[in-house]
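Listed below are the residues making up each chain.
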Amino acid sequence: MIRKKKLTFTTTQIILLSFLVTILVGSALLALPISSANGEAVPYLDALFTATTSTCVTGLVTLPTVSTWSVFGQIVILLLIQIGGLGVITIMSGLMLLLNQKMGISDRLLIQDAFNLNTMSGLAKFVKDVLFGTLIIEGIGSVLYMLVFVPEFGAVGIWMSLFNSVSAFCNAGIDIVAENSLCNYATTPLINAVTSALIILGGLGYIVWWDVLRVIRSRSKKNRKIFRHLTLHSKIAITVTAGLILVGAILIFFLEYDNPSTIGEMSLFDKIQVSFFQSVTTRTAGFASLPQENLTNASAAVSIILMLIGGSPVGTAGGMKTVTIAVLICSAFATIRNKNHATLFGRRISEDSVKKAVAVVVSFLMICAASTVLLLASSNASPLDVLYETVSATATVGLTRNLTASLNPYGKFIIIVTMYFGRVGPISLAVALGRKNKSQNVISEPTEDLSVG
């Protein structure tokens, strides 16, 4: 009797396939006439583009979300955003726990790899905390948005508030408020504050949340030095995030200060809050309170750098990640100073972390470079607009210099592929690098020094 070989998938393949299947199912639903606001089915390529940008929590759209899609279509988009932000594996694990089903070893390995965690201990509680924490934060964000949207739009403002809250927390940047994103609310403090808070909380990452809460609970009233007792990961994520937002806001403020097309004619307070929001939203959120095509070239360059770096690991943000960049910079300075090891906050950074950081950055830049060249070849747009678009797609940001809507079919397909690999690439790479190589050679290859630099 011949036994059939059981088909098995690696964790990396499961993650890749889970996102792909979600996108394909979403695109099929969005291609239905019921998903369209006018009752006529949208072209499948646009439905596929929308499903991809939603699942990959990017935010680039070829068709205006607010006027193209019906309520059913918007619900599909919102579900794709939530699934993409939390991860398909997290959602499925949560459903298993809700149905009181025990998680097997394979399920635990999937969660561990998906979140790039170092241990399988307490994974069920971790998933519950992630889902519960997400619902709480998105719920609070929805209520705060209602203070503005309900008085303005009536009962529809409730749905708009929920949609915007989920999209902001998941760093998706898709909204159903207006065709120009949040430009109409550029000087509304509550919208700016709530959106920025949701973006930052989602971008910091779940393990930073729990670490901060752990330290707060363990600290006595007399000892309030919370930062000192955080893990190295949390210290780096918080410090780099705060530094990038502050530096980005200052640079944009001065570079756009006299630009009449952006903040030049605003009051000083409005200039500050709009500059701050631009710095925050480039951290892979994608909401626009300024027309990105009106930015000066210098501000566009600053925004590109911020988009490339992105948010922090184990969160809803994309990009190369704050911790990755911090590790690379510290390693570079350690090499320049002829030190054997890189250190941060008095802790030595492992060689494995440095190798992983190099691999992530190189793969990220390769995706971005390939996408840029291909889009330049298929488009007559300016190099700056194309680079802005491809960086935004690779880092799953969603900001555009008014290029996405004018893309031809080839350009749309290039951006679809870029968004997909920009979202699943870093996750899959982290999983692959997290597994030890079981087949180590007993006899290693000969070593030879190279001239570098």
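Residues numbered from 1 in each chain as written. Predicted model: local features only at pLDDT ≥ 70, side-chain atom pairs only at ≥ 80, totals over all residues. Heavy atoms only, no water.

Undergrad: I would appreciate a short explanation of a nonpolar patch on the surface in the present structure.
TA: A cluster of nonpolar side chains, namely Leu17, Leu20, Val21, Leu24, Val25, Leu29, Leu32, Ile34, Tyr44 and Phe72, defines an oily patch on the protein surface of about 820 Å² accessible area. By residue number, the principal contributor to the nonpolar patch is helix 1 (residues 11-30), which donates six residues. (Patch = residues over 30% accessible without salt bridge, like charges linked within 9 Å, V, L, I, M, F, W, Y side chains within 5 Å. Areas by Shrake-Rupley, 256 points an atom, 1.4 Å probe, with all protein chains shown as cover. Salt bridge = Lys/Arg side-chain N within 4 Å of Asp/Glu carboxyl O. Helix = DSSP H or I, 4+ residues; strand = E, 2+ residues; numbered from the N terminus.)

Undergrad: Got a minute to help me understand the pattern of salt bridges in this structure?
TA: Pairs can form between side chains of opposite charge once their charged atoms are near each other. Scanning all chains against the criterion turns up three salt bridges. The shortest N-O distance in the salt bridge between Lys412 and Asp46 comes to 2.9 Å. Taken together, the positions of Lys412 in helix 17 (residues 409-434) and Asp46 in helix 2 (residues 44-55) put the pair 366 residues apart, joining distant regions of the chain. When sorted by exposure, Lys412 lands in the same class as Asp46, which is buried. Arg401 is paired through a salt bridge with Asp385; the nearest N and O atoms lie 2.6 Å apart. Pair noted here: Arg401 is in the loop between helix 16 (383-394) and helix 17 and Asp385 is in helix 16, with a separation of 16 residues, a long-range link. Each member of the pair, Arg401 as well as Asp385, is classed as buried. (Buried < 20%, exposed > 50% of the residue type's maximum accessible area, 1.4 Å probe, protein only.)

Undergrad: Which parts of the structure should I look at to understand the packing of helix 11 (residues 232-255) against helix 13 (residues 297-309)?
TA: Geometry of a packed helix pair, given as the angle between the helix axes and the separation of the axes. Contact pair helix 11 / helix 13: the axes reach a minimum separation of 9 Å and the direction vectors enclose 165 degrees. One element, helix 11, and the other, helix 13, form an angle in the roughly antiparallel class. Helix 11 and helix 13 meet at a crossing whose hand is left-handed. Between helix 11 and helix 13, the contacting residues are Leu244, Gly248, Leu251, Ile252 and Leu255 on the first element and Ala298, Ser299, Val302, Leu306 and Ile309 on the second. Looking at the contact of helix 11 with helix 13 residue by residue, the classes come out as eight nonpolar, two polar and no charged. (Axes fitted to C-alpha atoms, helices over the stretch in contact; angles between N-to-C directions. Parallel < 35°, antiparallel > 145°, perpendicular 65-115°, else oblique. Left-handed = near helix turned anticlockwise from the far one by under 90°. Contact = heavy atoms within 4.5 Å. Nonpolar A, V, L, I, M, F, W, Y, C, P; charged D, E, K, R; others polar.)

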